2 protein chains.
Amino acid sequence: MPDPMYRRIADDLRDKIESGELAHGSQLPTELELRERYDASRNTVRDAIKWLITRGLVETRPGQGTFVVEKIEPYITVLTGEASESAGEGDIYIQEVTAKRRVPKATDPRVEIQAAAGVVLEDLQVEPKSQVVSRHQQRFIDGIPFSLQTSFYPMGLVERGALRLIQAPDIAEGTVAYLRKELGLSQVGYRDKIRVRAPDANESAFFRLPDDGRVAVFEVRRTAFDEEGDPIRLTISIYPADRNQFTVTVGKVPDEIPAEPDVTSDQAQGAGRTG
Amino acid sequence: MPDPMYRRIADDLRDKIESGELAHGSQLPTELELRERYDASRNTVRDAIKWLITRGLVETRPGQGTFVVEKIEPYITVLTGEASESAGEGDIYIQEVTAKRRVPKATDPRVEIQAAAGVVLEDLQVEPKSQVVSRHQQRFIDGIPFSLQTSFYPMGLVERGALRLIQAPDIAEGTVAYLRKELGLSQVGYRDKIRVRAPDANESAFFRLPDDGRVAVFEVRRTAFDEEGDPIRLTISIYPADRNQFTVTVGKVPDEIPAEPDVTSDQAQGAGRTG
DNA sequence: GGGTATTTGTCCGTATGTATT
DNA sequence: AAATACATACGGACAAATACC
């Protein structure tokens, strides 16, 4: 009596999914079948399915049917490392990913020169209207879109001699090592800011996210600093939130045991009395 | 011709929101007015509004109307700190929050003894079916729900003498300091795992999230280790993803200038050619 | 390639319920 | 109590995508 019908239908289907009665990837009954089974109109059944869609439990394929979404094994990215070694672009990424026997790939950076604006201006602490070098890459793992990454460098670095920042599409040794060798600039630390937001159109297209905007993306902004405490680089990385997680370690921490990932059976946090 | 009508209506309204023509917090025309303006049926107008809702651009209030959502100023939580000082519960949180002239509050921990399961079992590396102490807190800032936090401790710590883990609702000096004093156990490091997921019913209720599940939550799992590399604590913290972000610092990093947060005018990452 | 059946997507109209002012 | 505005539910019609023969 209390809940509207479309919610009761959705709850019933959700239970069948979570209990395993409807397996991952399997097809739900068609809208017409559900309409008969629950004695509701097709539109009401569709409202129930929409409710499940916004929760990421099912997906619809026109002409085919409605399916329980596949379980996704998350990629894990470690944000902490040696302060002086975090590669400006792709370096550690390549090592870490190959270590897991996956095949990483990244497009050659697309190099642009832009006027600093917004967060680039803030985080890089450059003058308004000053110019920055932007190096943009698409990164893949096993051929699957993994992340979009754009690094920004103050134009002053180029003027001081780091010409390859704007010339070479690829800087094999990593831009951090290159800047140290070329300018004697050491990266001594960095700050990451992590947030999630809705993807823009480009990101949705690249990651092939459903265009209904329910899958968010991580935005990780890494500002790197030299010994004087001046920012030398801002790297913005975008990852789909439904298949990525991040790890941060502080102090002395044992290596992680490669526990076989399995059930989502989270420990109950208690019967939430919000009082 | 290309896009369905409800999408054209939604796009038009979105443009008006993003251009500022419809200000944050302002009311949209009613469904009946929109029906006339766009020469569509009320159901089609409602489809357009649903599309905007799932993207978090507008919200509906029964009996009142449809409104552009308010901009939210995010809370910032720093994940990195002194390895030996991260308070088990609330300690640093209280300091950091008061430093920003906000009023933090936390409920007394609700203490339970549970059988370890799922991630608790994995991260705490205890035997299956062994028991753990669970200490659950609700935390507020300026009276607004801020986070849900549950810390799990192996029962062995209690057996070795840390009785206040199960006795005292409040451990004023922080559980990390308490364990060091009582058992000589030092926390020498911790590992955080960060992911986002849909909220469960308890979380939605506590944070007053719209029950349509479009606002995700951050889940931060912190496993703390002693000098032997054994896990001594697992703390799971939940934060609404629409109003929180996290900061991680590595190496030598200058203090952050308290830049006045403003426009979302992100630097363009380029005209996403996915080729 | 074409044709047909199936399935979901869009759009309409209407009626009634519920929350707010 | 009345008016307003959104929420739920019904029904029908046609379009678009897909699969299969």
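If you're wondering where the values come from, they're calculated on a predicted model, not measured in any experiment.

## Some thoughts on the protein's contact with DNA strand D
- Met5, Asn43 and Thr44 of chain A together with Arg46 and Thr60 of chain B are the nearest of the 22 residues found near DNA strand D.
- Sugar plus phosphate: this is where 71% of the atoms of DNA strand D within 4 Å of the protein reside.
- Tyr6 of chain A is positioned with one of its side-chain polar atoms (N or O) 3.1 Å from a phosphate oxygen of DNA strand D.
- Note that a base nitrogen of DNA strand D is positioned 3.1 Å from one of the side-chain N or O atoms of Arg42 of chain B.
- Broken down by secondary-structure element, the contributors of at least two residues to the surface near DNA strand D are α1 (5-18) and α3 (42-54) of chain A together with α3 (42-54), β1 (58-61) and β2 (65-68) of chain B.
- Take the surface near DNA strand D: its biggest share by element is three residues, from α3 of chain A.
- Of the residues that constitute the surface near DNA strand D, the class distribution is six nonpolar, eleven polar and five charged.

## A few points about the pairing of strand β8 (residues 189-197) of chain A
- Most of β8 of chain A is tucked away: eight of the nine residues are buried.
- Where β8 of chain A and strand β9 (residues 217-225) of chain A come together, nine bridges link them in antiparallel fashion. By the bridge assignment, Tyr190 of chain A is partnered in β9 of chain A with Ala224 of chain A.
- In terms of strand pairing, β8 of chain A meets strand β11 (residues 244-251) of chain B through six bridges, oriented antiparallel. Counted as the bridge partner of Lys193 of chain A is Thr247 of chain B from β11 of chain B.

## What about the protein's contact with DNA strand C?
- Around DNA strand C sit 22 residues, and of these Arg42, Arg46 and Thr60 of chain A together with Met5 and Thr44 of chain B come closest.
- In DNA strand C, atoms within 4 Å of the protein come from the sugar-phosphate backbone in 68% of cases.
- Residue Gly63 of chain A places a main-chain N or O atom 3.4 Å away from a base oxygen belonging to DNA strand C.
- The contact in question runs from a phosphate oxygen of DNA strand C to an N or O atom on the backbone of Ser41 of chain B, over 2.9 Å.

## Some points on the packing of aromatic side chains
- Taken as a whole, this structure holds twelve aromatic pairs over all chains when the rule is applied.
- Each ring, one from Tyr239 of chain A and one from Phe246 of chain A, has its centre 5.1 Å from the other, and the planes form 80°; the classification is edge-to-face. Each of the two residues, Tyr239 of chain A as well as Phe246 of chain A, counts as buried.
- By the ring-pair criterion, three or more aromatic residues cluster together here, those being Tyr75, Phe146, Phe218, Tyr239 and Phe246 of chain A.
- It is Arg164 of chain A that lies over the ring of Tyr178 of chain A; its NZ or CZ is 5.0 Å from the centre.
- One Lys or Arg, Lys105 of chain B, reaches over the ring of Phe140 of chain B and ends 5.4 Å from the middle of that ring.

## Points about the confidence of the model for chain A
- When pLDDT is averaged along chain A, the result is 84; 85% of the residues meet or exceed 70.
- Long-range and interchain partners of residues 270-275 of chain A, a stretch whose pLDDT sits below 50, account for ten contacts in this model, where long-range means more than four residues apart.

## Regarding the pattern of salt bridges
- In this structure the tally under the stated criterion is 36 salt bridges over all chains.
- Linking Arg7 of chain B and Asp11 of chain B is a salt bridge whose minimum nitrogen-to-oxygen distance equals 3.0 Å. With Arg7 of chain B and Asp11 of chain B both in helix α1 (residues 5-18) and four residues apart, this pair spans about one turn of that helix. The pair formed by Arg7 of chain B and Asp11 of chain B is uniform in burial state, with each residue classed as buried.
- Note that Glu219 of chain B is salt-bridged to Arg221 of chain B, the shortest N-O span being 3.4 Å.
- Of the residues examined, Glu219 of chain B reaches a relative accessible area of 4% and is grouped as buried.
- Residue Arg221 of chain B is classed as buried on the basis of its relative accessible area, which comes to 11%.
- Ionic contacts of the salt-bridge type, sharing partners, join the residues Asp123, Lys193, Arg195, Arg197, Glu203, Glu219 and Arg221 of chain A into one network.

## A short note on the pairing of strand β2 (residues 65-68) of chain A
Residue and element names in this part refer to chain A.
- Here four bridges tie strand β1 (residues 58-61) to β2, and the two strands are oriented antiparallel to one another. By the bridge assignment for β2, Glu59 is matched with Phe67.
- Where β1 hands over to β2, the hairpin turn is made up of three residues, of which Gly63 adopts a positive phi near 85°.

Each value, and the rule that gives it
- Residues numbered from 1 in each chain as written.
- Chains lettered and ligands numbered in written order.
- Predicted model: local features only at pLDDT ≥ 70, side-chain atom pairs only at ≥ 80, totals over all residues.
- Heavy atoms only, no water.
- Near = heavy atom within 4 Å.
- Polar contact = N/O pair within 3.5 Å; in protein donor to acceptor, adjacent residues only side chain to side chain.
- Helix = DSSP H or I, 4+ residues; strand = E, 2+ residues; numbered from the N terminus.
- Nonpolar A, V, L, I, M, F, W, Y, C, P; charged D, E, K, R; others polar.
- Buried < 20%, exposed > 50% of the residue type's maximum accessible area, 1.4 Å probe, protein only.
- Pairing = 2+ DSSP bridges.
- Phe/Tyr/Trp six-rings, centres within 6.5 Å; stacked < 30°, edge-to-face > 60°.
- Lys NZ or Arg CZ within 6 Å of the ring centre and 35° of its normal.
- pLDDT = per-residue confidence, 0-100.
- Contact = heavy atoms within 4.5 Å.
- Salt bridge = Lys/Arg side-chain N within 4 Å of Asp/Glu carboxyl O.

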